[in-house]
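A closer look at the structure
One letter stands for each residue in the lines below.
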Amino acid sequence: MRAVVQRVSEASVTVDGDVVGRLGSPGLCVLVGVTHTDTEAAAERMAAKVHDLRILAGERSAAEAGAPLLVISQFTLYADTRKGRRPTWNAAAPGPVAEPLVDHLVATLRTRGAHVETGRFGADMHVALVNDGPVTLVLEVDG
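We now turn to the structure provided with this report. (Residues numbered from 1 in each chain as written. Predicted model: local features only at pLDDT ≥ 70, side-chain atom pairs only at ≥ 80, totals over all residues. Heavy atoms only, no water.)

1. Quick look at the overall build of the chain
Secondary structure summary: the chain contains 3 helices and 6 strands in total. N-terminal to C-terminal, the α/β element order of the chain is β-β-β-α-α-β-α-β-β. Rg of the C-alpha trace for the chain: 15 Å, near the compact-globule value of 15 Å for 143 residues, within the 12% margin. Taking the principal axes of the C-alpha coordinates as reference, the chain spans close to 40 × 35 × 25 Å. (Helix = DSSP H or I, 4+ residues; strand = E, 2+ residues; numbered from the N terminus. Rg over C-alpha atoms; globule rule 2.2 N^0.38 Å.)

Here is the structure:
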């Protein structure tokens, strides 16, 4: 499982003109990609890593600061661009595999006490954010 985590002062995701998720205060925007070998255990490890990562003001984590998270599925994180000009998506898990794992990551964050907003799986989403710092990290956990 892969995630791009951005510290943001605000963020939102819109689908068909409707805002489906919004952070009106500082927090983390988390783009999540799932590959074929990922499991619920990987989603739990990623949730813990994201929630406990000390990248907010004062070297605090979202867990410590009570900061909200905006989690958005992003299969393109598993793009293979080594050949030619057109990416392939072979390493990205198909929707029926990926969606439950992204949902499990969100549920795990909520169980930990996090306020989590989300995008809409499989939708054409428009993401707007103000990257704070800027701070952007790429995280990866094995299956």
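2. Side note on the environment of His 115
As for its position among the elements, His 115 is in the loop between helix H3 (95-111) and strand S5 (116-118). Along the chain, His 115 and Pro 68 lie 47 residues apart, while their C-alpha atoms are 4.9 Å from each other. Look past the residues within four positions of His 115 in its chain and what remains in contact with it is Pro 68 and Leu 69. Only 3.0 Å separates the side chain of His 115 from the side chain of Glu 117, close enough to count as a polar contact. (Contact = heavy atoms within 4.5 Å. Polar contact = N/O pair within 3.5 Å; in protein donor to acceptor, adjacent residues only side chain to side chain.)

3. Details of the nonpolar core
In terms of nonpolar packing, the biggest core is built from 31 residues, with Met 1, Leu 28, Val 30, Leu 69, Val 71 and Leu 105 touching the most fellow members. Counting only elements with at least two residues in this core, the list comes to strand S1 (2-15), strand S3 (27-33), helix H1 (40-52), strand S4 (69-73), H3 and strand S6 (125-140). For this core, the leading source of residues is H3, giving 6 residues. Those residues in contact with Val 71 that sit more than four places away from it in its chain are Val 30, Val 32, Leu 105, Val 106, Leu 109, Val 116, Glu 117, Thr 118 and Gly 119. Ala 11, Leu 23, Leu 70 and Leu 77 belong to the second-largest nonpolar core, a separate cluster that totals 12 residues. (Core = buried A, V, L, I, M, F, W, Y, C linked by side-chain atoms within 4.5 Å. Buried < 20%, exposed > 50% of the residue type's maximum accessible area, 1.4 Å probe, protein only.)

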